[in-house]
Amino acid sequence: MALSKIDVANMVTGLVPNDNTIRRPNATPLIINGDMQVAQRSTSETGKTSAGYYTCDRMHSNIDSIGTYTIIQESLSSGNAYINGFTKAWRIDTTTADASPASGDNFSFIYSFEGQDLQLFKKGTANAEKFTLAFWVKSNKTGTGNVNLFDTDNTRLIGGTYTISSADTWEHKVVNFAADTTGAFTNDNGQSLKIEWFLDSGTNFSSGTTDTAWGSKQDVDRNASGTLQIARNTDNDWAITGIQLEVGEYTSSTLPPFQHESFADNLARCERYYQVVGSGTRADNLTYFSAYNHDGTSTMFGIFNFRTTMRTGPSIDQTSGTNYYTFKCNNATDDFDGVNGFRGGIHAGEFYLSGGSSVGNSSAGEAGKVMGKNASSHIALAAEL
Amino acid sequence: MFKNCTIKYQKSPDNPSNDKDCILVTYPKKDDGSYKTLIVPINNENTDYQDILQWVADGNTIAEAD
């Protein structure tokens, strides 16, 4: 290549060309794990009746008094999403229906952003950018779904819709949203924007009209066009993958290609919000969680550095049970059910087990290892939005 | 969100004057005997702590440390 052909401008600005025409202002996908490859918590959860992060990382289920569900990381081996490069999806199946939701019941799938990751939209300025949301969706139900952008900093909302035309068929949807010259996203690590796909609701969320212009959030508008009603029958399911949010306005023919990341890069970005300290069991039935020291108060402190700087000081998310963990010191083990305290910052922390009469076979001042002893042993750090 | 959970403060093991070192949330046992525990820092940026504050605002009380 002749030297004059090198794209010096993009090298300087960091813009990433995807082909000969597309120039994104963002070097990596704005949505983390949009291809649903990473599922650190589990790949299947049953009996879910309340809100939480289940299976695929970063993906939140808002279930508010409206049925019971199984949520899985679905493996794809056929269909339009699969032949376009997507092998995993987030899927929810209704297992106990709510045939007639009460007025305040609501059910949605949500992705949230930190405000400091959204400044490129220039929201709240005269140069505010439009938003384009694209995704693959499949359901046994045909009909219209509501999908909203909810600016939680300024309590502003804009609505959009998509139509599922064929049952049980992966379809690609592109939804455009206007720019908003009012209300800047706060430039910090807090939640500034939620994308919410409404799946069902009572009338408190459906008796208005879908407003395709930005304005003050009105709950009655958030599912005003939605006809999918996934909660109403145990035959119902809904699945999604390949989510991308782009700066600017695109159609299905001009949309930039999905930015596939390596699994390692994807996982590393997820770990800002959730990272596993230790999980499961090795062949010898022991998985190492941390080193510990035994202080003079019959307390074990297990100290560890985080692999990635976390969004904020995290919680410990632990699966406990009889003798799920063990101390090892002086060539002997002593089992316990789970740790009962934690403190830490965004780079490192220490969990502890206090209140016992002993810490394994160690004496004050000695050190040892903390290990998992059950296939379900699981300790993770959670700093989700 | 915290249906049938027990929620209580944990005392600092190495600073007895701090009886609110963190919050231990214990979920009900599953059929296999396992149960989820959430250990939540007193940190307004932590969304689990925000959820607990909402749970308190709804009329519930965090139990004191043992």
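Residues numbered from 1 in each chain as written. Chains lettered and ligands numbered in written order. Predicted model: local features only at pLDDT ≥ 70, side-chain atom pairs only at ≥ 80, totals over all residues. Heavy atoms only, no water.

Enquirer: Would you mind going over the interface of chain A and chain B in detail, with residue names and values included?
Expert: Each partner contributes to the interface: chain A provides 29 residues, whereas chain B provides 23 residues. Interface of chain A and chain B: buried area, both sides summed, is about 2000 Å²; carbon and sulfur atoms make up 40% of it. The tally of links from chain A across to chain B stands at three salt bridges. With a closest N to O distance of 2.8 Å, B:Asp14 and A:Arg343 form a salt bridge. One can count 18 residue pairs in polar contact (both at pLDDT 80 or more) joining chain A with chain B. Every element with two or more residues in the side of chain A that touches chain B is listed here: β17 (315-320) and β20 (341-344) of chain A. Per element, the largest residue contribution to the side of chain A that touches chain B is six residues, and it comes from β17(A). Taken together, the residues that form the side of chain A that touches chain B break down as ten nonpolar, 13 polar and six charged. Note that β17(A) and strand β3 (residues 35-40) of chain B share five bridges and pair antiparallel. The residue of β3(B) that forms the bridge with A:Gln318 is B:Thr37. (Contact = heavy atoms within 4.5 Å. Buried area = accessible area lost by both parts, 1.4 Å probe. Salt bridge = Lys/Arg side-chain N within 4 Å of Asp/Glu carboxyl O. Polar contact = N/O pair within 3.5 Å; in protein donor to acceptor, adjacent residues only side chain to side chain. Helix = DSSP H or I, 4+ residues; strand = E, 2+ residues; numbered from the N terminus. Nonpolar A, V, L, I, M, F, W, Y, C, P; charged D, E, K, R; others polar. Pairing = 2+ DSSP bridges.)

Enquirer: Kindly report on the nonpolar core, identifying the contributing residues and their values.
Expert: Residues A:Trp90, A:Tyr162, A:Trp197, A:Trp238 and A:Ile243 are the most contacted members of the largest nonpolar core, which totals 49 residues. Counting 26 residues, the second largest nonpolar core, distinct from the first, contains A:Met300, A:Phe301, A:Tyr324 and B:Ile39. (Core = buried A, V, L, I, M, F, W, Y, C linked by side-chain atoms within 4.5 Å. Buried < 20%, exposed > 50% of the residue type's maximum accessible area, 1.4 Å probe, protein only.)

Enquirer: So what's going on with the side chain of A:Thr94? Which residues, and what values?
Expert: Residue and element names in this part refer to chain A. When you line up the elements, Thr94 lands in strand β5 (residues 88-96). The buried category is assigned to Thr94, whose relative accessible area is 3%. Of the polar contacts made by the side chain of Thr94, one reaches the backbone oxygen of Ile230; its length is 2.8 Å. Setting aside chain neighbours within four positions, we find Thr94 in contact with Thr68, Tyr69, Ile230, Ala231, Asn233, Thr234 and Asn236.

Enquirer: Account for the sheet that holds β17(A), with residues named and values stated.
Expert: Strand order in the open sheet formed by six strands is β14(A)-β23(A)-β17(A)-β3(B)-β2(B)-β1(B), and the pairing between neighbours is antiparallel. Two strands bound the open sheet, and with one partner strand each, they are β14 (274-279) of chain A together with β1 (6-10) of chain B. Direction aside, the axes of adjacent strands within the sheet are offset by 20° on average. Alignment of β17(A) against strand β23 (residues 378-382) of chain A, held across five bridges, turns out to be antiparallel. When the sheet's bridge partners are listed, A:Ser315 is paired in β23(A) with A:Ala382. (Axes fitted to C-alpha atoms, helices over the stretch in contact; angles between N-to-C directions.)

Enquirer: Which residues make up the sheet that holds strand β16 (residues 300-305) of chain A, and what values go with them?
Expert: Residue and element names in this part refer to chain A. With respect to topology, seven strands assemble into an open sheet ordered β19-β18-β22-β15-β16-β21-β20, the strand pairing being antiparallel. The strands lining the two open edges of the sheet, one partner per strand, are β19 (332-336) and β20. When strand polarity is set aside, the average angle formed by the axes of neighbouring strands in this sheet is 30°.

Enquirer: Could you give an account of the pattern of salt bridges, with specific residues and numbers?
Expert: All names here are of chain A. Taken as a whole, this structure holds 29 salt bridges over all chains when the rule is applied. With a shortest N-O distance of 4.0 Å, Glu74 and Lys138 are connected by a salt bridge. One end of the pair, Glu74, is in strand β4 (residues 60-75); the other, Lys138, is in strand β7 (residues 131-139), and 64 residues separate them in sequence. The shortest N-O distance in the salt bridge between Glu129 and Lys122 comes to 2.8 Å. Overall, the relative accessible area of 24% leaves Glu129 in the partly exposed class. For Lys122, a relative accessible area of 33% gives the class partly exposed. Overlapping salt bridges, with partners in common, bring together Glu74, Arg91, Asp93, Lys138 and Asp237 in one network.

Enquirer: Tell me about the confidence of the model for chain B, and please be specific about residues and values.
Expert: Per-residue confidence for chain B gives a mean pLDDT of 95; residues scoring 70 or more make up 100%. Among the scores for the predicted complex, ipTM is 0.97 and pTM is 0.92. (pLDDT = per-residue confidence, 0-100.)

Enquirer: Residues and numbers for the packing of aromatic side chains, please.
Expert: Residues and elements named next belong to chain A. The final tally for this structure, using the stated rule, is 21 aromatic pairs over all chains. Pairwise contacts between aromatic rings join Trp90, Phe109, Phe135, Tyr162, Trp197 and Trp238 into one cluster. Note that Arg41 overlies the ring of Tyr274, its terminal NZ or CZ placed 3.8 Å from the centroid. The ring centre of Tyr273 lies 3.7 Å from the NZ or CZ of Arg58, which sits over that ring. (Phe/Tyr/Trp six-rings, centres within 6.5 Å; stacked < 30°, edge-to-face > 60°. Lys NZ or Arg CZ within 6 Å of the ring centre and 35° of its normal.)

Enquirer: Tell me what's going on with helix α1 (residues 47-57) of chain B, and back it up with residues and numbers.
Expert: Of all the positions in α1(B), only B:Thr47, B:Asp48, B:Tyr49, B:Ile52 and B:Trp55 are classed as buried. Buried positions along α1(B) lie against β17 and β23 of chain A together with β1, β2 (22-26) and β3 of chain B. Among the residues trailing α1(B), B:Gly59 stands out with phi positive, at a value near 110°.

Enquirer: Tell me what's going on with the environment of A:Lys173, and back it up with residues and numbers.
Expert: All names here are of chain A. Its location among the elements puts Lys173 in strand β10 (residues 171-177). By relative accessible area, which is 14% here, Lys173 ends up buried. Along the primary structure Lys173 and Phe113 are separated by 60 residues, whereas in three dimensions their C-alpha atoms are 21 Å apart. There is a polar contact of 2.5 Å between the side chain of Lys173 and the backbone oxygen of Thr163.

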